[in-house]
Amino acid sequence: AAHRAGRPARLPAPVSAATQQAANAAANTPAAMARAEAVQPLLALRTAAVLHSRREDWVRTVHPDSAAWRAQQAAVFDRVRMVPISGWRYRLLDTEPALTGAAEPGNGAFVARVRLSYRLSGDSRDVEREQHLSVARYGATWLLAGEANSSTERDPWELGSLVVEKGVRSLV
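Caption draft 1: Layout of the overall build of the protein chain. Along its length, the protein chain carries four helices and four strands. Counting from the amino terminus, the protein chain carries its helices and strands in the arrangement α-α-α-α-β-β-β-β. Relative to its full complement of 172 residues, the protein chain shows a buried share of 37%. Partitioning the contacts of the protein chain with sequence separation of at least 6, the portion at a separation of at least 24 is 56%. Here the protein chain has roughly 10,300 Å² of accessible surface; of this, 53% comes from carbon and sulfur atoms.

Caption draft 2: Examining the sheet that holds strand β4 (residues 141–147) more closely. Reading across from one edge, β1-β2-β3-β4 is the order of the four strands in this open sheet, with antiparallel pairing throughout. Since the sheet does not close on itself, it has two edges, and those belong to β1 (85–97) and β4, each with one partner. When strand polarity is set aside, the average angle formed by the axes of neighbouring strands in this sheet is 35 degrees. Contacts between helix α2 (residues 30–51) and the sheet are confined to β1, β2 (110–120), β3 (127–138) and β4, with β1 contributing the most and set at about 165 degrees to the helix.

Caption draft 3: Just α2, in detail. Helix length check: α2 (22 residues) gives 32 Å between terminal C-alpha atoms against 32 Å at 1.5 Å per residue, within 8%. At Val 39, α2 shows its largest kink, close to 25 degrees, and the proline Pro 41 lies no more than four residues downstream. Of all the residues in α2, the buried ones are Ala 32, Arg 35, Ala 36, Ala 38, Val 39, Leu 42, Leu 43, Arg 46, Thr 47, Ala 48, Ala 49 and Val 50. Backbone geometry just after α2 places Ser 53 at a positive phi near 55 degrees.

Caption draft 4: Structural context of the pairing of β3. Relative to β3, β2 runs antiparallel, the two sharing nine bridges. Within the sheet, the bridge partner assigned to Ser 117 lies in β3 and is Glu 128. Here β2 folds back onto β3 in antiparallel fashion, the turn holding six residues, of which Gly 122 has a positive phi close to 85 degrees. Bridge count for β3 against β4 is six bridges, and the pairing is antiparallel. Bridge assignment links Leu 133 to a residue of β4, and that residue is Glu 147. Following β3, the chain reverses through two residues before pairing antiparallel with β4; Gly 139 in that reversal takes a positive phi of roughly 65 degrees.

Caption draft 5: Structural context of the side chain of Asp 57. Mapped onto the elements, Asp 57 comes out in helix α3 (residues 55–60). The exposure class of Asp 57 is buried, given its relative accessible area of 14%. Among the polar contacts made by the side chain of Asp 57, one reaches the side chain of Arg 60 at a distance of 3.1 Å. Excluding its chain neighbours within four sequence positions, the residues that come into contact with Asp 57 are Leu 45 and Ala 49.

How each quantity is defined
Residues numbered from 1 in each chain as written. Predicted model: local features only at pLDDT ≥ 70, side-chain atom pairs only at ≥ 80, totals over all residues. Heavy atoms only, no water. Helix = DSSP H or I, 4+ residues; strand = E, 2+ residues; numbered from the N terminus. Buried < 20%, exposed > 50% of the residue type's maximum accessible area, 1.4 Å probe, protein only. Contact = heavy atoms within 4.5 Å. Areas by Shrake-Rupley, 256 points an atom, 1.4 Å probe, with all protein chains shown as cover. Pairing = 2+ DSSP bridges. Axes fitted to C-alpha atoms, helices over the stretch in contact; angles between N-to-C directions. Expected span 1.5 Å × (residues − 1). Bend = angle between axes of the 7 residues up to and from the residue. Polar contact = N/O pair within 3.5 Å; in protein donor to acceptor, adjacent residues only side chain to side chain.

Now the structure itself:
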C-alpha cells in the first residue's frame, strides 16, 4: 500500500459499526472523560519536554512513589535527547480503571492507552508505538506510575545505553 504526505502505509483493522459505537459510548462516560482530562496534561507536558529539552518537566510527570520507574524515565529522557527528534506527540486512545489489586499507588488508578508518534530528523514518516501507562493520584494531582503492559514495543532509548552516530544520509 502506498503512503502520502509522510504518513505510514498502514491500513486500519476493520471495525464493526456496533463495536465502534460501544467504544465511543464507553469513552463518553463521565468517568472516562475525567480520566482523559487527568492524563491529557501529562501527555502534553511530556511532548513539550522532549521538543524543548526540558528534562525536569518529563520527570515531573512521573509519580514519586514509583522510584524505580522514575529513575528509568529520567534515563530514557536523556537517551531520547541524544537522538535527533523532529516531532513527538501523544494521542490518547482510551482509558480504563486499573484492575483491583493493581500495584499502582493511590486511589482511582487507571490505565491510559496512548499512541506515541515521533519522527527522526531527516525522515519522511512517523514511527508509532502504542503504550499502556498507569496513572495514579498524588495528592490532588495525577501522575504516571508505570507501564501497565510489558509487551509494549520498545524504542532504542528504552533498551539501555545508547551511542548515536550520524552520517550524511544515515543515523546509526
